[in-house]
Amino acid sequence: MTKFIDSQYVHDMAQTTNNLYRHGWDERNGGNVSLRLTAEEVGAFSDTDKVLRQIPIAFDASELAGKYYLVTGTGRYFKNMVEFPERDMGLIRINDKGNEVDLMWGFNDGGEPTSEFPSHLMSHISRLKQDPNQRVIMHCHPTNLVAMTFTVPLSSKRFSRTLWKMHPESIVVFPEGVGVIPYMCPGTNEIGEKTAAKMNDFRVVVWPHHGVFAAGDSLDETYGLVETVEKSALIYTTIRAQGGEILQSLTDKDFRDLIKRFDLTANEAFLTPDAQTETVE
Ligand SMILES: [Zn+2]
């Protein structure tokens, strides 16, 4: 039987975290990713059937009891994941009480899951209710999107419409828009709860002055979602750097055309501007 380290899951996680690092979105130990695996998927390997040790978690995850996650480690650098996957990531199973995880593979130098793991689990719970195929939570620091949180009002509608106006693929890839929460201290259950609540309506939640939490049914889809949001943020930033005056952009009529052409279920509340004069913000 194949060993877990040779699995597609470890390979894909290492590649994805490497891509996040190369984009410049996960400096030092910034960023964290979790990928849900099924019992059948985990059972296909020769070295994933023993509990190596138990690690407490500071959150009641009993709703996810028995579920498996491949997750990046606390304090680990994404630039090292390709070379040291068995050290810098771990495969865990949520125990029956939901207050500990069983380590089945990885973290072989005594490591533990990311400090944002409770926030990941809360978001997994929210997204699983919306999408039974939900697999991935991804946190990273996309530079241009973070920059926008200093200059664009912190409203989900304002952010969503601004990003939609930058490129037609935006409304196609995130027709529900993006959610924005207030600035909060990272690594706490409070930011996890706020993020998970927004995840009921959005797959992308913006953390002002910090980064983004994104959800999806595969690593590629979730990564592509963040890439698309950040591409629009880069276009917005570049426009501002060119002098800031926007002469034309996608219009509400253009949004309607895209919705019709691609049969999208878009966020109706974001499709018309607010009463006050709206520029590109
Ligand atoms: Zn962060």
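If you're wondering where the values come from, they're calculated on a predicted model, not measured in any experiment.

**Side note on the pattern of salt bridges**
Following the criterion strictly, the structure yields 11 salt bridges and no others. A salt bridge links Asp88 to Arg87; its shortest N-O distance comes to 2.8 Å. Under the relative-accessibility criterion, Arg87 is labelled partly exposed at 27%. Look at the salt bridges and you will find they share partners, linking Arg76, Arg87, Asp88 and Asp109 into a network.

**Section: the coordination of the zinc ion**
Taken together, His139 (NE2), His141 (NE2) and His210 (NE2) make up the protein donors of the zinc ion, found 2.1 Å from the metal. Between consecutive donors of the zinc ion, the numbers of intervening residues give the motif H-x1-H-x68-H. Taken together, the residues span a long stretch of sequence, with His139 in strand E6 (residues 136-140) and His210 in the loop between strand E8 (204-207) and strand E9 (211-216) at a distance of 71 residues. We note that His139, like His210, is buried.

**A short note on the domain arrangement of the protein chain**
Considered domain by domain, the protein chain is made up of domain 1 (1-115) and domain 2 (117-263). Just the C-alpha atoms count here: the centres of domain 1 and domain 2 sit 25 Å apart. Taking both sides of the interface into account, the surface hidden between domain 1 and domain 2 amounts to around 2,600 Å²; carbon and sulfur atoms contribute 63%. When the buried surface of domain 1 facing domain 2 is broken down by residue, Trp25, Arg36 and Phe59 rank first, second and third, together holding 27% of it. Connecting domain 1 to domain 2 are two salt bridges.

**Brief notes about the pairing of strand E1 (residues 32-37)**
Within a regular beta strand, the side chains point alternately toward one face of the sheet and then the other, so they alternate between its two faces. Burial within E1 is extensive, with six of its six residues counted as buried. Of the two faces of E1, both are covered, the one formed by Asn32, Ser34 and Arg36 as well as the one formed by Val33, Leu35 and Leu37. Relative to E6, E1 is paired through four bridges, and the arrangement is antiparallel. Considered in E6, the bridge of Val33 is made with Met138. Sheet topology places E1 next to strand E3 (residues 68-72); four bridges connect them, and they run antiparallel.

**Some points on the UniProt feature "binding site: Zn(2+)" (unreviewed entry) in the protein chain**
UniProt records the feature "binding site: Zn(2+)" (unreviewed entry) at His139, His141 and His210, using the numbering of this structure. A maximum C-alpha distance of 10.0 Å among these annotated residues, which run over 72 residues, shows that they cluster at one spot. Assignment of secondary structure puts His141 in the loop between E6 and helix H5 (143-148). Judged by its relative accessible area of 16%, His141 falls in the buried class. Once you skip the residues sitting within four places of it in the chain, His141 turns out to touch Gly24, Trp25, Asp26, Glu27, Gly30, Gly31, Val146, His210 and Gly211. The exposure class assigned to His210 is buried, which follows from its relative accessible area of 17%.

**Points about the nonpolar core**
In terms of nonpolar packing, the biggest core is built from 54 residues, with Leu70, Leu91 and Ile171 touching the most fellow members. Among the elements that take part in this core, helix H9 (residues 219-241) stands out by supplying eight residues, more than any other. A domain split of this core shows at least three residues from each of domain 1 (1-115) and domain 2 (117-263). When neighbours within four sequence positions are excluded, Leu70 is seen to be in contact with Phe4, Tyr9, Val10, Met13, Val33, Ser34, Leu35, Met89, Gly90, Leu91 and Trp105. Residues Ile55, Val71, Val101 and Leu128 belong to the second largest nonpolar core, which totals 18 residues.

**Structural notes on the UniProt feature "domain: Class II aldolase/adducin N-terminal" (unreviewed entry) in the protein chain**
Mapped onto this numbering, the UniProt entry gives "domain: Class II aldolase/adducin N-terminal" (unreviewed entry) at residues 11-237. For residues 11-237, the helix share is 38%, the strand share is 20%, and the end-to-end C-alpha distance is 33 Å.

**Details of the pairing of E8**
Burial of E8 is two-sided: the residues Val204 and Val206 facing one way and the residues Val205 and Trp207 facing the other way are all buried. Bridging between strand E7 (residues 179-180) and E8 involves two bridges; their strand directions are parallel. For Val180, the partnering residue across the bridge sits in E8 and is Val206. Note that the unit made of E7, helix H8 (residues 189-198) and E8 has a crossover that is right-handed.

Parameters and conventions
- Residue positions within a chain follow its written sequence, with the count starting from 1.
- Since the coordinates come from a predicted model, pLDDT governs what is reported: local features require at least 70, and pairs of side-chain atoms require 80 or more to be given and counted, while whole-chain, interface and lining totals use all residues.
- As a convention, hydrogens and water are excluded, and side-chain values are obtained from all of the structure's heavy atoms.
- The salt bridge definition used is simple: a Lys or Arg side-chain nitrogen within 4 Å of an Asp or Glu carboxyl oxygen.
- Burial classes: relative accessible area under 20% of the type maximum marks a residue as buried, over 50% as exposed, and values in between as partly exposed (1.4 Å probe, protein chains only).
- Donor criterion used throughout: N, O or S atom within 2.8 Å of the metal, extended to 3.2 Å for Na, K and Ca. Water excluded; incomplete-looking sites may result.
- Strands are runs of DSSP state E lasting at least 2 residues, helices are runs of H or I lasting at least 4, and numbering of each runs from the N terminus.
- The source of the domain bounds is an automatic or database domain assignment.
- Two parts placed together each lose some accessible area under a 1.4 Å probe, and adding up what both lose gives the buried area.
- Paired strands are those between which DSSP finds at least two bridges.
- UniProt positions are given in the numbering used here, feature names are shortened, and annotations may be inferred rather than shown by experiment.
- Here, residues are in contact when the closest pair of their heavy atoms is within 4.5 Å.
- By nonpolar core is meant a set of buried Ala, Val, Leu, Ile, Met, Phe, Trp, Tyr and Cys residues that side-chain atoms within 4.5 Å join together.
- Orient the strands so they point away from the viewer, and a crossover whose first-strand-to-second-strand path over the helix runs clockwise is right-handed.

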